[in-house]
Amino acid sequence: DSASALPAPVRLVGLDPERRYRVRVLPLGVVDGIDEATLKDVLPGAVADAPPPWLAAAALPEGAELPGRVLAEVGLANLLLQPEQALVLTADAV
């Protein structure tokens, strides 16, 4: 069953449900001032045809803005990553 092979959504518990949060990918080991093309190169390698839509926005400097309730209760569609890959996110209240 392919549905059971997908990782569960990433829920960011403990956020204020009434606030909005800017979610960004934390590019590890990258210097300030990188351009969008370079940032795409540092995103983790996913084992999928396409990454979740929120990831493209979260990889940009402005990030993806979402309600705390959605992030805590529904979560973000997760990636099926290569074994040597990791994804670190930040969520800042706006």
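All values reported here derive from a predicted model rather than from experimental measurement.

Quick notes on the overall build of the chain
Alright, step 1. From N to C terminus, the chain includes 3 helices and 3 strands.
Alright, step 2. Beginning at the N terminus, the succession of helices and strands in the chain can be written as β-α-α-β-α-β.
Alright, step 3. Long-range contacts, defined here as pairs at least 24 residues apart, represent 86% of the contacts in the chain between residues at least 6 apart.
Alright, step 4. Counting only carbon and sulfur atoms, one obtains 55% of the accessible surface of the chain, whose full area is about 6,100 Å².

Notes on the pattern of salt bridges
Alright, step 1. Taken as a whole and judged by the stated rule, the model has 5 salt bridges.
Alright, step 2. A salt bridge links Arg69 to Glu18; the shortest N-O distance between them is 2.5 Å. With a gap of 51 residues between them, Arg69 in helix H3 (residues 68–74) and Glu18 in the segment before strand S1 (20–25) connect regions that are remote in the sequence.
Alright, step 3. Accessibility expressed as a relative area gives 36% for Arg69, which makes it partly exposed.
Alright, step 4. Owing to a relative accessible area of 62%, Glu18 belongs among the exposed residues under this scheme.

As for the sheet that holds strand S3 (residues 89–93)
Alright, step 1. Read from one edge of the open sheet, 3 strands run S2-S1-S3, paired in antiparallel fashion. Each edge of the open sheet is held by one strand with a lone partner, namely strand S2 (64–67) and S3. With strand direction ignored, the average angle separating the axes of adjacent strands in the sheet is 30°.
Alright, step 2. Alignment of S1 against S3, held across 5 bridges, turns out to be antiparallel. In the strand pairing of S3, Tyr21 is matched with Ala93.

Focus: the nonpolar core
Alright, step 1. Listed in full, the 12 residues of the largest apolar core are Leu12, Tyr21, Val23, Val25, Trp54, Leu55, Ala58, Ala59, Ala64, Leu71, Leu76 and Leu79.
Alright, step 2. Breaking this core down by element, the ones donating at least two residues are S1 and helix H2 (53–58).

Looking at the environment of Leu79
Alright, step 1. With respect to the element layout, Leu79 can be found in the loop between H3 and S3.
Alright, step 2. On a C-alpha basis, the gap between Leu79 and Pro52 in space is 7.3 Å, while along the polypeptide they are 27 residues apart.

Some words on the environment of Leu71
Alright, step 1. In this fold, Leu71 is placed in helix H3.
Alright, step 2. Note: C-alpha distance between Leu71 and Val23 (48 residues apart in sequence) is 9.4 Å.
Alright, step 3. Beyond its immediate sequence surroundings of up to four residues, Leu71 is in contact with Val10, Arg11, Leu12, Leu15, Tyr21, Val23, Leu66 and Leu76.

The rules behind the values
- Residues numbered from 1 in each chain as written.
- Predicted model: local features only at pLDDT ≥ 70, side-chain atom pairs only at ≥ 80, totals over all residues.
- Heavy atoms only, no water.
- Helix = DSSP H or I, 4+ residues; strand = E, 2+ residues; numbered from the N terminus.
- Contact = heavy atoms within 4.5 Å.
- Areas by Shrake-Rupley, 256 points an atom, 1.4 Å probe, with all protein chains shown as cover.
- Salt bridge = Lys/Arg side-chain N within 4 Å of Asp/Glu carboxyl O.
- Buried < 20%, exposed > 50% of the residue type's maximum accessible area, 1.4 Å probe, protein only.
- Pairing = 2+ DSSP bridges.
- Axes fitted to C-alpha atoms, helices over the stretch in contact; angles between N-to-C directions.
- Core = buried A, V, L, I, M, F, W, Y, C linked by side-chain atoms within 4.5 Å.

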